[in-house]
Amino acid sequence: MPDRTTSSITIGAGRAEVMAVIADFPSYPEWAGQVKTAEVVDTGSDGRALTVRFKLDAGPISDTYTLGYTWDGDDGVSWKVVEPGTMVSDLRGSYRLSDAGRSTEVTYELAVDLSVPMIGLIKRKAEKVIVDTALKGLKKRAESRAS
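Residues numbered from 1 in each chain as written. Predicted model: local features only at pLDDT ≥ 70, side-chain atom pairs only at ≥ 80, totals over all residues. Heavy atoms only, no water.

Draft legend 1. Representation of the pattern of salt bridges. Across all of its chains, the model carries 10 salt bridges by this definition. The closest approach of N and O atoms between Arg15 and Asp99, which form a salt bridge, is 3.1 Å. Here Arg15, found in helix 1 (residues 15–23), pairs with Asp99, found in strand 6 (residues 88–100); they are 84 residues apart in sequence, far enough to count as distant. With relative accessibility at 55%, the residue Asp99 sits in the exposed group. The partner of Asp132 in a salt bridge is Lys128, with the nearest N and O atoms 2.8 Å apart. On the criterion of helical spacing, the pair formed by Asp132 and Lys128 is a turn pair, its members being 4 residues apart in helix 3 (residues 120–146). Among the charged side chains, a salt-bridge network with shared partners connects Arg15, Asp75 and Asp99. (Salt bridge = Lys/Arg side-chain N within 4 Å of Asp/Glu carboxyl O. Helix = DSSP H or I, 4+ residues; strand = E, 2+ residues; numbered from the N terminus. Buried < 20%, exposed > 50% of the residue type's maximum accessible area, 1.4 Å probe, protein only.)

Rendered as structure tokens:
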């Protein structure tokens, strides 16, 4: 797996509220800019998604693929490709949540591997745009729901 892009943000909401936004996949197109659709394919006994099919348009990276999820309560979630797309051959990532007073510190880690040749710098830039946009959208959505 290639290098990962990692970034963190502090969100003015509790871990449960932040995780509720993360787990609400059908709403991703409303706040995660590059996600065009997110369809839950399978859920676990706790009601959280186990597999989700995404349609992504992040400039040079545009594809449809399915991710499998592993949940760690309200502390975090990780994912990996279970059905690659035509461009995305592997995608792994995680959200890790920790208490920061009355806020939550969220760290997003993402690594994308493509089946098409792409200059590493362009791929890292696309990853950074995905991570930064997702964290800002997550913050805005979670804080608006918490207030």
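Draft legend 2. The nonpolar core, seen in detail. The biggest cluster of nonpolar side chains holds 42 residues, and the ones touching the most others in it are Ile22, Tyr28, Phe54 and Tyr95. Per element, the largest residue contribution to this core is 7 residues, and it comes from helix 3. When residues no more than four places from it in sequence are discounted, the contact partners of Ile22 are Tyr28, Trp71, Val77, Tyr95, Leu97 and Leu138. (Core = buried A, V, L, I, M, F, W, Y, C linked by side-chain atoms within 4.5 Å. Contact = heavy atoms within 4.5 Å.)

Draft legend 3. Region of the structure containing the sheet that holds strand 4 (residues 61–72). Strands sit in the order 1-7-6-5-4-3-2 across an open sheet of 7 strands; the sheet is antiparallel. What marks the edges here is a single partner per strand, and that holds for strand 1 (5–11) and strand 2 (35–43). Sheet twist, expressed as the mean angle between neighbouring strand axes with direction ignored, is 20°. (Pairing = 2+ DSSP bridges. Axes fitted to C-alpha atoms, helices over the stretch in contact; angles between N-to-C directions.)

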